[in-house]
Amino acid sequence: MMIDINLPRNGGMTMKALTYVEQGRFALTEKPRPALLDSRDAIVRVTLSSICTSDLHIKHGSVPRAVPGVTVGHEMVGVVESVGSAVTTVSPGDRVTVNVETFCGACFFCKHGYVNNCTDPNGGWALGCRIDGGQAELVRVPYADQGLNKIPDTVSDEQALFVGDVLATGFWAARISEIQEEDTVLIIGAGPTGLCTLMCVLLKRPRRIIVCERDPARIRFVREHYPQVLTCPPETCEAFVQANSDHGGADVVLEVAGAPDTFRLAWRCARPNAIVTVVALYDRPQILPLPEMYGKNLTFKTGGVDGCHCAEILELIRRGKIDTTPLITHRFPLHDIEEAYRIFENKLDGVIKIAITPNEI
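Residues numbered from 1 in each chain as written. Predicted model: local features only at pLDDT ≥ 70, side-chain atom pairs only at ≥ 80, totals over all residues. Heavy atoms only, no water.

Draft legend 1. Structural context of the environment of Leu327. For Leu327, the position within the fold is in the loop between α11 (310–318) and β16 (328–333). Residues Leu327 and Ala274 lie 53 residues apart in sequence; the distance between their C-alpha atoms is 30 Å. Not counting residues up to four positions away in its chain, the partners in contact with Leu327 are Phe162, Pro192, Leu195, Cys196, Met199, Phe221, Ile352 and Lys353. (Helix = DSSP H or I, 4+ residues; strand = E, 2+ residues; numbered from the N terminus. Contact = heavy atoms within 4.5 Å.)

Draft legend 2. Representation of the pairing of strand β2 (residues 25–32). Taken together, the eight bridges between strand β1 (residues 14–22) and β2 define a ladder with antiparallel strand orientation. Opposite Glu22, over in β2, you have Arg25 as the bridge partner. Connecting the antiparallel pair β1 and β2 is a turn made up of two residues, with Gly24 showing a positive phi of about 90°. (Pairing = 2+ DSSP bridges.)

Draft legend 3. Representation of helix α12 (residues 337–345) within the structure. Along α12, the residues classified as buried are Ile337, Ala340, Tyr341, Ile343 and Phe344. Across the axial projection of α12, the buried residues extend over an arc of 165°, all falling on one side. Packed against the buried residues of α12 are β1, β2, α1 (53–59), β16 and β17 (353–357). (Buried < 20%, exposed > 50% of the residue type's maximum accessible area, 1.4 Å probe, protein only. Arc of directions from axis to C-beta.)

Draft legend 4. Broad picture of the nonpolar core. Among the nonpolar cores identified, the biggest contains 69 residues, and Leu167, Ile187 and Leu198 are the most heavily contacted of them. Per-element accounting of this core gives the leading share, seven residues, to helix α5 (residues 166–176). In contact with Leu198, other than residues within four places in its own chain, are Ile187, Ile209, Val211, Val222, Tyr226 and Val229. (Core = buried A, V, L, I, M, F, W, Y, C linked by side-chain atoms within 4.5 Å.)

Draft legend 5. The packing of α5 against α11, seen in detail. Packing of α5 against α11 leaves a shortest axis separation of 10 Å and a crossing angle of 100°. Taken together, the axes of α5 and α11 are roughly perpendicular relative to one another. Taken together, the residues of α11 that come into contact with α5 (itself represented by Leu167, Ala168, Phe171 and Arg175) are Glu312, Ile313, Leu316 and Ile317. (Axes fitted to C-alpha atoms, helices over the stretch in contact; angles between N-to-C directions. Parallel < 35°, antiparallel > 145°, perpendicular 65-115°, else oblique.)

This is the structure we're talking about:
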């Protein structure tokens, strides 16, 4: 194995890491540096990370697979510190994005692009959930050849920060929704994932896009950055979509909010024979009222992101087709990450996304 013997910047063999202590509590703790455990592993020095709503789902106990004691965080970029002997696509010193999904690349599901359902014991969403993640100084990435992508020299860390998770989710959602140029597309939710979904839907050039959002600050953000996009609040969404579509509803609906009433809103706003793509992760079970929706002949697509298009997304960023940097409204050093969580969880100060930088030397 190619192993970097240099000590971390704090001069010891430990590091700071945000830890899932128990339901309802994260804490910044001191942990051992990660080590290579397999020839396909890489160790990445995290240069920038972010907080995702899925991290809050872990904190609130909505992700049963999450393991107490794990380092949280699955949205990050960094520099490769060391690699196992079987790693061929990255080397120490490379700037890389880290994929939210861990996948082997060889099983039935991986070969078909369904990497969220990789059959490896650590397959799917593992980082920051079942194995230590990246709200830390260093992170071990299994299957590094699949999970890491080199960042082009002309792309900054902030430009690449969301590639491995929230932007990959939006890209995947837009791709599986089969959007056509004549379509009316409804996106429910203008949080970080909804906005990344919007950016990727825009690449499909549909006839019109409607964003449904309750928060006035988020509506202002959409109007400021995407003036061609229509907006409406949930209370009037169904009537607004009816008035601004050609066939009695949206041709494609992407449900990205995950609020108690947004699943029902999604299928009610869809025209007959529409596609409803559920991107949201819900805290509670949802009701599928088949007798009520009988005859609409809807197609539902749902599940975790198959995040295997990061190289394509990085190329779109390099070419100036996607820019997620306006989503970064706040920046905190790692030692203040608990304050960053307080702001993000309570939606304070107009927060959209937070960039977490390494501790000062």
